[in-house]
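Coordinate inspection notes
The lines below spell out each chain.
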Amino acid sequence: MAAFLKVLFRNLLEGPSTDPFPLAPTKMEPERLRGRVVVDEKLCMGCGICSHYCVAGAINIQHTDDGHTITIWHNACCRCAACRQYCPVGAISLIKDWHSAHEEADKYKVVEQKAIAYEPCSVCGKKIRPVPTQILKKLYVNNTDIDLEHVQHLCPACRQLEDARRSAGLPAAAEKAAVEQTTDANA
Amino acid sequence: MDFDKLLKKNSVRSPWLFRINAGSCNGCDVELATTALIPRYDVERLGCRYCGSPRHADIVLITGPLTARIHDQVLRVWNEIPEPKVTVAVGICPISGGVFREGYSITGPLDKYIPVDVNVPGCPPRPQAILEAVALGLKIWKQKLGLEA
């Protein structure tokens, strides 16, 4: 009898255990729920490792000379988060939005699509994807003397040349003009 | 009000659900059972209940990628459900083929053979998402009956 009263009072205090959805907003959203996939266009480098690892083939990356477009079709995504796991720059995340029901007319509209535009290299003018600052910070963590702002806007070939100049003790392309000016003044 | 309209108006208060497993891995079927059978997600609040015969069904929930082996049986059972019916594709498998897409044993996606009304992607979808899909299906069913614009 006492046990029953305990249950009765608990139920009176806490209310029904039924989740009020769809009549009211849900009360149950786990902390690490894997919902819809989102891409951070500030970070995505278009390397394609996500589409390589995507078991359902939901990710498509189209490259052009001016940029790349990453498209994730939610109707093929199985939310395994392999893309998030293997993305080297952490551009992919799974947000908690689980509202996935939609009508048939919207079948091909439920996509996550981000277009990333390329910028010209500051030395040779070739169109490149500028390396995001937080990735540069990771790459050059032991080379604090390198100007990240300058390196960011260099294409890989120009960056290689720059690096070769630096290891040979020659001034970098950007500093070259300034150094020449000072040597002229000294002379 | 004529009898037909009265019948329609009362019938939408209790859409009966029917499950078709088109070669599913059972993940979505477990979620479908969850939505109905455990008090936490209680689909019966919407007046729904699962029925054993396709002839009693109003909303049909199809799971699985429509394998070559089950293809004919799924179409036969689906054709036995009386019109107007609402077809809900549950999980990514019937919608796009999911992880089995373009596999040799898959004849899907489902909408190549059956007019699907509602899609609810996920692997499996959350029980709440399935409830949302049933609620959406209910709306479409009312439209099909001519009760709502």
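Here's a quick rundown of the structure. (Residues numbered from 1 in each chain as written. Chains lettered and ligands numbered in written order. Predicted model: local features only at pLDDT ≥ 70, side-chain atom pairs only at ≥ 80, totals over all residues.)

Considerations on the nonpolar core
Which entries qualify depends on this criterion: When buried Ala, Val, Leu, Ile, Met, Phe, Trp, Tyr and Cys residues are joined through C-beta atoms within 7 Å, the set is termed a nonpolar core. In this scheme the burial state of a residue depends on its C-beta neighbours within 10 Å: 20 or more other such atoms mean buried, 12 or fewer mean exposed, and anything in between means partly exposed; the C-beta positions come from the backbone. By the criteria applied, helices consist of DSSP H or I runs no shorter than four residues and strands consist of E runs no shorter than two, each listed in order from the N terminus.
Counting 62 residues, the largest nonpolar core has C77(A), I59(B), V60(B), V88(B), V90(B) and A133(B) as the members making the most contacts within it. For this core, the element with the most residues is helix 5 (residues 127–145) of chain B, which contributes eight residues.

What about the environment of R126(B)?
Tracing the chain through its elements places R126(B) in the loop between strand 5 (118–120) and helix 5. Along the sequence, R126(B) and G91(B) sit 35 residues apart, while their C-alpha atoms lie 9.6 Å from each other.

Some points on the interface of chain A and chain B
For clarity, the threshold we go by: Residue pairs qualify as contacts under a 7 Å threshold applied to their C-beta atoms, which are placed from the backbone. Only Asp, Glu, Lys and Arg are considered charged, only Ala, Val, Leu, Ile, Met, Phe, Trp, Tyr, Cys and Pro nonpolar, and every remaining residue, Gly among them, polar. DSSP bridges decide pairing: two strands pair if at least two such bridges lie between them.
Chain A puts 23 residues into the contact, and the matching count from chain B is 28 residues. Residues belonging to the side of chain A that touches chain B are distributed by class as follows: nine nonpolar, nine polar and five charged. Pairing between strand 5 (residues 102–103) of chain A and strand 5 of chain B: two bridges, direction antiparallel. Pairing of E103(A) across the sheet is with V118(B), part of strand 5 of chain B.

Re the sheet that holds strand 2 (residues 49–50) of chain B
Quick note on the threshold: Comment: axis = line fitted to C-alpha atoms, over the contacting stretch for helices; angle = value between 0 and 180 degrees taken between N-to-C directions.
One open sheet accounts for six strands, arranged 5(A)-5(B)-4(B)-3(B)-1(B)-2(B); its pairing is mixed. Edge positions in the sheet fall to strand 5 of chain A together with strand 2 of chain B, since each of these pairs with one other strand and no more. For strand 3 (residues 59–63) of chain B and strand 4 (residues 86–90) of chain B, the ladder comprises five bridges, and the chain directions are parallel. The residue of strand 4 of chain B that forms the bridge with L61(B) is V88(B). Sheet strands in contact with helix 5 of chain B are strand 5 of chain A together with strand 3, strand 4 and strand 5 of chain B, and its direction is about 175° off that of strand 5 of chain B.

Focus on the sheet that holds strand 2 (residues 59–63) of chain A
Residue and element names in this part refer to chain A. What the three strands build is an open sheet, ordered 2-3-6; its pairing is antiparallel. The open sheet is flanked by strand 2 and strand 6 (111–117), the only strands paired with a single partner. Taking the axes of each pair of neighbouring strands and ignoring which way they run, one obtains an average angle of 10° across the sheet. Pairing of strand 2 with strand 3 (residues 67–73), which is carried by five bridges, proceeds in the antiparallel orientation. Residue pairing for strand 3: I61 is matched across the bridge by I70.

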